[in-house]
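Close look at the chain arrangement
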Amino acid sequence: MRKIPIIIDGDPGVDDSFAIALANSCPDFELVALTAVEGNVPAEKTRLNAMGLREALDINCAVAYGAELPLEKAYLSYAEKTHGESGVGTIQWPELKKAPDDRSAWDLIYEEAVKRKGELVLIAIGPLTNIALTLRKYPDFPQYLKRFYIMGGGTFGNVTKQAEFNIWVDPLAAREVFEKLEVHMVGLNVTHASALTEKDFDQMISLCKGENSAIRLLRDLSVFSKRNSLKSGMDNHIIHDALTVASVMDSEVVRYEPYYVYVEDKEGMENVGETVIDLAGQSGNQPNCLVAMEVNQPKFVEMLMEMCRYYATKG
Ligand code: RIB
Ligand code: CA
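Before going into details, it helps to say that this report is about the structure given with it.

Reading guide: rules and limits
Residues numbered from 1 in each chain as written. Chains lettered and ligands numbered in written order. Predicted model: local features only at pLDDT ≥ 70, side-chain atom pairs only at ≥ 80, totals over all residues. Heavy atoms only, no water. Helix = DSSP H or I, 4+ residues; strand = E, 2+ residues; numbered from the N terminus. Rg over C-alpha atoms; globule rule 2.2 N^0.38 Å. Contact = heavy atoms within 4.5 Å. Areas by Shrake-Rupley, 256 points an atom, 1.4 Å probe, with all protein chains shown as cover. Donors = N, O, S within 2.8 Å, 3.2 Å for Na, K, Ca; no water. Near = heavy atom within 4 Å. Polar contact = N/O pair within 3.5 Å; in protein donor to acceptor, adjacent residues only side chain to side chain. Nonpolar A, V, L, I, M, F, W, Y, C, P; charged D, E, K, R; others polar. Salt bridge = Lys/Arg side-chain N within 4 Å of Asp/Glu carboxyl O. Buried < 20%, exposed > 50% of the residue type's maximum accessible area, 1.4 Å probe, protein only. Pairing = 2+ DSSP bridges. Axes fitted to C-alpha atoms, helices over the stretch in contact; angles between N-to-C directions.

1. Brief notes about the overall build of the protein
The secondary structure content of the protein amounts to 12 helices and 10 strands. Against the 2.2 N^0.38 benchmark of 20 Å for 315 residues, the protein shows a C-alpha radius of gyration of 18 Å, consistent with a compact globule. Of all intrachain contacts in the protein linking residues separated by at least 6 positions in sequence, the fraction that spans at least 24 positions is 82%. As displayed, the protein offers around 12,900 Å² of accessible surface, 51% of which is attributable to carbon and sulfur atoms.

Structure representation (structure tokens):
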């Protein structure tokens, strides 16, 4: 069977790193590119982390640099408490050998989508700045996308009561994306229901045997996530971005329902950054979004264990 071409746009990020490792372990995926956006840590770090992940996981793909700042929002707050100063826990990258693509993230995403004649699946696991810029520069972009998934939004927030981080960082970008693309939205309501236990992390760590760079990366990320999740208020036991990738790999992992969703992007509104989901169909608008409403947590956890076994077999 022909592999599914995938581009992952993200802000690595510990959970982004698990997501990229999971995608790279999937035999049905051709990982075409990783594109970096500002978010968990400043853009220069998310860029370096995307480059480091490519080499640590030995991924034959491009890496392209995207936006350094949100479209309009004047301020950003990073998430080093959750992801570490570097953005990838305690990991220090060795001297990297490969260079980034000379295209911007938005040029690469569009050109690769056209080249794959509508077969490309795009997964955004960070703020949506790069996706909005792709749509602004190339208005015909939607016709070249097979499906589009995001980790973001949901029925509640983690920055404010209503706003989830990826949407909150760039609400204008998110509004424009939801207006122009059909979004498969993996939000906090399902990522929180997919949380790992300490025992799950212990099993991942025990499966991450071996000294290849990928297994060392996964072991370090698992040790960091387990330790950090025990600190009050931290959510490292919720591997948000990996659940998004898992739902692309296996349609049984998450159940989606169609709803009309818009993003509140007006600064000053109490719910700025909210993905407002018209659950009762009161807006009269046609559904534009497939909202993840249920998750098979044991299946998701087993996929993470399978990922560790995959990299452990590489010796
Ligand atoms: O709210 C969780 C999301 O924000 C995840 O994608 C995490 O990596 C951060 O980007
Ligand atoms: Ca992310």
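The rest of the description comes next.
2. Re the coordination of the calcium ion (ligand 2)
Coordination of the calcium ion (ligand 2) by the protein involves D11 (OD), D16 (OD), D16 (OD), I125 (O) and D241 (OD), with metal-donor separations of 2.2 to 2.7 Å. Each donor residue of the calcium ion (ligand 2) belongs to the same chain, with the gaps between them written as D-x4-D-x108-I-x115-D. In this pair, D16 sits in helix α1 (residues 14–24) while I125 sits in the loop between β4 (120–124) and α5 (129–137), placing the two residues 109 residues apart along the sequence.

3. Structural notes on the site of ligand 1
Near ligand 1 lie 13 residues; those nearest to it are D15, N158, E164, N166 and D241. At 3.0 Å, a side-chain N or O of D16 approaches an oxygen atom of ligand 1. E164 is positioned with one of its side-chain polar atoms (N or O) 2.5 Å from an oxygen atom of ligand 1. Protein coverage of the free-state accessible area of ligand 1, which is 280 Å², stands at 96%. When contributions to the shell around ligand 1 are tallied by element, the ones reaching two or more residues are α1, α6 (165–169) and α11 (240–249). By residue class, the composition of the shell around ligand 1 is 3 nonpolar, 5 polar and 5 charged.

4. Topic: the pattern of salt bridges
What the rule picks out here adds up to 22 salt bridges. Across the pair R103 and E111 runs a salt bridge, and its minimum N-O distance is 3.0 Å. Here R219 makes a salt bridge to E211, at a shortest N to O gap of 3.0 Å. Its relative accessible area of 19% is what places R219 among the buried residues. On the basis of relative accessible area, E211 is assigned to the exposed category, the value being 53%.

5. Side note on the sheet that holds β4
One open sheet accounts for 8 strands, arranged β3-β2-β1-β4-β5-β6-β10-β7; its pairing is mixed. The outermost strands of the open sheet, each flanked by one partner alone, are β3 (62–65) and β7 (254–259). Mean inter-strand twist for the sheet, computed between neighbouring axes without regard to direction, equals 25°. In this sheet, strand β10 (residues 289–295) lies alongside strand β6 (residues 183–186) in parallel orientation, the contact comprising 3 bridges. For V183, the partnering residue across the bridge sits in β10 and is C289.

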